[in-house]
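As a plain string of letters, each chain reads:
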Amino acid sequence: MKKTTIFILSIATAFGFGFACKTIISRNEPTEFKKVTGIGGIFFKCKDANKMREWYHTNLGLNTNKYGTVFEWRQATDSTQKGFTQWSPFNEKTKYFEPSTKDYMINYRVANMDLLLDDLKKNKVTILDSVETVEYGKFVHILDVEGNKIELWEPNDKEYDKIGKKMGSITTK
């Protein structure tokens, strides 16, 4: 009986010691962070943005406004929270996509702009501007390896939702 008790206590002590060591070690490890969490927007050039919005509204049922449409969805990690993706046609002469010469630009939703920018700087990624902060999130533009302009957005979905409602915009669901 005495040997069994000592054996069980030894195992429990070893387990506790191992757990404590793992906790201490893991606190000193760099924490992994999510970089891109989804698509924040799809932007493309066209000859007539008004006509394009009207065509997509009539033929594909998008609830368009002067900017395009906003797709509303529920976040996977918390289905009580909304998320949004912007779809916008731009006039073919827009300079907004420069210095890229492509006819499109993708906006990616990111979880932590500051950490991501630190990581991008370490990897010598071209950052085109400084972070712009507005009520519905933070934005910055970068170039990928082939010179495509990318917009990064750390969203504030609650404020984005409020602005859309204030404008009277109907999202596409």
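Our structure is the block above this text.
Quick word on the sheet that holds strand β6 (residues 137–143)
- Strands sit in the order β2-β3-β1-β4-β7-β6-β5 across an open sheet of 7 strands; the sheet is mixed. Edge positions in the sheet fall to β2 (69–74) and β5 (132–134), since each has one partner strand and no second. Between one strand axis and the next, the sheet turns by 20° as a mean value, whatever way the strands run.
- With 3 bridges connecting them, β5 and β6 associate as antiparallel partners. Bridging from a neighbouring strand, E132 pairs with F139 of β6.
- Across the sheet, helix α2 (residues 49–60) is in contact with β1 (36–46) and β3 (82–91); its angle to β3 comes to roughly 135°.
- Running over the sheet, helix α3 (residues 113–122) touches β4 (104–110), β6 and β7 (149–155) and is turned about 15° from β6.

A few points about the packing of aromatic side chains
- Tallied over the full model, the rule gives 12 aromatic pairs.
- Seen in terms of ring centroids, F43 and F90 are 5.8 Å apart; in terms of plane orientation they differ by 75°. Their pairing is edge-to-face. On the criterion of sequence distance, the pair formed by F43 in strand β1 and F90 in strand β3 is long-range, its members being 47 residues apart.
- Judged by its relative accessible area of 7%, F43 falls in the buried class.
- Plain terms: the ring middles of F139 and W153 are 5.8 Å apart, the flat faces sit at 5° to each other, and that makes the pair stacked. Of this pair, F139 sits in strand β6 while W153 sits in strand β7, and the two are 14 residues apart along the sequence. Of the two residues, F139 and W153, neither departs from the other in class, the shared state being buried.
- One cation-aromatic arrangement involves R109 over W153; the distance from NZ or CZ to the ring centre is 5.4 Å.
- In this structure, K149 is placed above the aromatic ring of Y96, and the distance from its NZ or CZ to the ring centre is 5.0 Å.

A closer look at unusual backbone geometry
- Residue E98 is joined to P99 through a cis peptide bond whose omega torsion reads 15°.
- For P99, the location among the structural elements is in the loop between β3 and β4.
- A positive phi angle is found at K124, which is not glycine, with a value near 60°.
- Tracing the sequence through the fold places K124 in the loop between α3 and β5.
- With a relative accessible area of 72%, K124 lands in the exposed category.

Considerations on the layout of surface pockets
- Looking at the largest pocket, its volume works out to about 700 Å³.
- Lining the largest pocket are 30 residues, and of these Y67, V70, Q86, Y136 and Y160 lie nearest its centre.
- Within the residue set of the lining of the largest pocket, elements represented by two or more residues are β1, β2, β3, β5, β6, β7 and α4 (157–167).
- The class makeup of the residues in the lining of the largest pocket is 15 nonpolar, 9 polar and 6 charged.
- The wall of the second largest pocket is formed by 13 residues, among which T37, W73, Q75, T77 and R109 lie closest to the centre.
- Put simply, the parts of the chain that give the lining of the second largest pocket at least two residues each are β4 and β7.
- Broken down by class, the residue content of the lining of the second largest pocket amounts to 5 nonpolar, 4 polar and 4 charged.

Reading guide: rules and limits
- Residues numbered from 1 in each chain as written.
- Predicted model: local features only at pLDDT ≥ 70, side-chain atom pairs only at ≥ 80, totals over all residues.
- Heavy atoms only, no water.
- Pairing = 2+ DSSP bridges.
- Helix = DSSP H or I, 4+ residues; strand = E, 2+ residues; numbered from the N terminus.
- Axes fitted to C-alpha atoms, helices over the stretch in contact; angles between N-to-C directions.
- Contact = heavy atoms within 4.5 Å.
- Phe/Tyr/Trp six-rings, centres within 6.5 Å; stacked < 30°, edge-to-face > 60°.
- Buried < 20%, exposed > 50% of the residue type's maximum accessible area, 1.4 Å probe, protein only.
- Lys NZ or Arg CZ within 6 Å of the ring centre and 35° of its normal.
- 1 Å grid on protein atoms, 1.4 Å probe; cavity = no way out; pocket = protein on both sides within 12 Å on 5 of 7 lines; lining within 4 Å.
- Points joined across faces, edges and corners; volume = space filled by probe spheres on them.
- Nonpolar A, V, L, I, M, F, W, Y, C, P; charged D, E, K, R; others polar.

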